[in-house]
Amino acid sequence: MSNTNSRLIVKQNEKKVLTYISPLKFSNLNFSLEKNSILRLIIVLNGEVKDLSFNGELKEGAYMHVTIFDLSDGLLNLNANIELSEIDSTLDWTLASVAKENDNKNIDVSFNLNKFAKASMTNLGVSLKGGKLRFSGVGKIYEKAYKASVSQVAKIIVYDDDSFGRADPILSIDCDDVKAMHSASVGSVDENALFYLTSRGVEEDEAKLLLTLAHLHGAISEIEDEKVKENILFSLRKIL
């Protein structure tokens, strides 16, 4: 993928649904959602990606729903910085990433909120076969951003001792009258669940696939296109 910029503007009261599947034609997506506009954005990463960034703003009453499914190979640096610059803007972000052998993935996502803005961030990950995966999330609420609301959830399953996972959720709050929460977990696969499935005749690879699908369900369930979903499931089966 070449180092190229793409500019996306969603006009006032406009609604757009966009799906991007690797190979992407851009490495930097700059966007602006005008007043009361809606953007549904779905991105599926396969193959070699390396660097990918998202930078944009949501104006008054704008709504953005992002789902990113990362199955890329090798090094990945994904950065997002999204400004909820005006009142009543809303952002829902869900990302799922799988790091396998020779993968080194760094996901950095930042939200900046003004008054009455709402943002949720969910990052789900799986690290196996020596893969490395790091999540960093920052939710910043500005001074005088009254009634703003931000939440972060980060969860990584690490399948073996050679693999690595790290999650760092950060809140930066400069206003009192707000709602803010975050949670993070990094842990090994549930051995009891794996034992239960294999003791009932499920092959170990299939059991791992089922547990992975359960962990990533929050992202998979957001993919409306059945063909895209089938391709994701096929890729996951090959990886595991």
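Just so you know, these numbers come straight off a predicted model, no measurement behind them.

Criteria and cut-off values
- Every chain's residues receive numbers from 1 upward, in the order its sequence appears when written.
- Reporting in this predicted model follows two pLDDT cut-offs: at least 70 for local features of residues, and 80 or more for side-chain atom pairs to be given and counted; totals over whole chains, interfaces and linings ignore these cut-offs and use all residues.
- Only hydrogens and water are set aside; all other atoms, that is, all heavy atoms of the structure, feed into the side-chain values.
- Strands are runs of DSSP state E lasting at least 2 residues, helices are runs of H or I lasting at least 4, and numbering of each runs from the N terminus.
- By this rule, a helix spans an expected 1.5 Å times one less than how many residues it contains.
- In this scheme, a residue with accessible area under 20% of its type's maximum is buried, one over 50% is exposed, and one in between is partly exposed, where area comes from a 1.4 Å probe on protein chains only.
- Only heavy atoms enter the contact rule, under which two residues are in contact if any of them lie within 4.5 Å.
- Strands are treated as partners if at least two bridges between them are detected by DSSP.
- Axis angles are defined between N-to-C directions and span 0 to 180 degrees, where every axis is a line fitted to C-alpha atoms and, for a helix, only to the segment in contact.
- Pairs of N or O atoms are called polar contacts if they sit within 3.5 Å, as long as, within protein, a hydrogen donor faces a hydrogen acceptor (for residues adjacent in sequence, only side-chain-to-side-chain pairs).
- Each Phe, Tyr or Trp ring, with Trp reduced to its six-membered ring, pairs with another whose centre is within 6.5 Å; inter-plane angles below 30 degrees give stacked pairs, above 60 give edge-to-face pairs, and intermediate values give tilted ones.

**Q** Just to check I follow, could you spell out helix α2 (residues 204-215) for this structure?
**A** Counting along an α-helix, one turn takes 3.6 residues, and residues three or four places apart therefore face a common direction. Taking 1.5 Å of rise per residue, 12 residues should cover 16 Å, and α2 covers 16 Å from first to last C-alpha, within 8% of that figure. Along α2, the residues classified as buried are A207, L209, L211, T212 and H215. In the core, the buried residues of α2 are packed alongside β10 (118-127), β12 (149-158), α1 (191-199), α3 (217-220) and α4 (226-239).

**Q** Which parts of the structure should I look at to understand the sheet that holds strand β1 (residues 5-10)?
**A** The strands making up a sheet associate through backbone hydrogen bonding, with each pair oriented either parallel or antiparallel. Read across the open sheet, the 7 strands follow the order β1-β3-β5-β7-β9-β11-β13; overall the sheet is parallel. One side of each edge strand has no neighbouring strand; the edge strands of this open sheet are β1 and β13 (164-173). With direction set aside, neighbouring strand axes in the sheet form an average angle of 10°. Of the pairings in the sheet, the one linking strand β9 (residues 104-113) to strand β11 (residues 132-141) comprises 10 bridges and is parallel in character. Counterpart to D108 in the pairing with β11 is S136.

**Q** Would you explain the environment of L76 in this entry?
**A** Considering the arrangement of structural elements, one finds L76 in strand β7 (residues 73-84). Considered as a pair, L76 and D103 are 27 residues apart in the sequence and their alpha carbons are 7.8 Å apart. Not counting the four nearest positions on each side in its chain, L76 is found in contact with L45, V49, K50, D70, N104, K105, N106 and I107.

**Q** Help me understand α1, please; the structure alone is not making it clear to me.
**A** At the N-terminal boundary of α1, the capping side chain belongs to D190, with an oxygen 3.0 Å from the backbone nitrogen of N192. Just downstream of α1, G201 is the residue with a positive phi angle, here 95°.

**Q** Just checking my understanding: could you explain the packing of aromatic side chains for this structure?
**A** Two measures describe an aromatic ring pair: the distance that separates the ring centres and the angle between the ring planes. Applying the stated criterion to the full structure yields 3 aromatic pairs. Their ring planes at 85° and their centres at 5.2 Å tell us that Y20 and F26 sit as a pair that is edge-to-face. Classification of Y20 by relative accessible area gives partly exposed; the value is 23%. On the accessibility criterion, F26 (4% relative accessible area) is buried.

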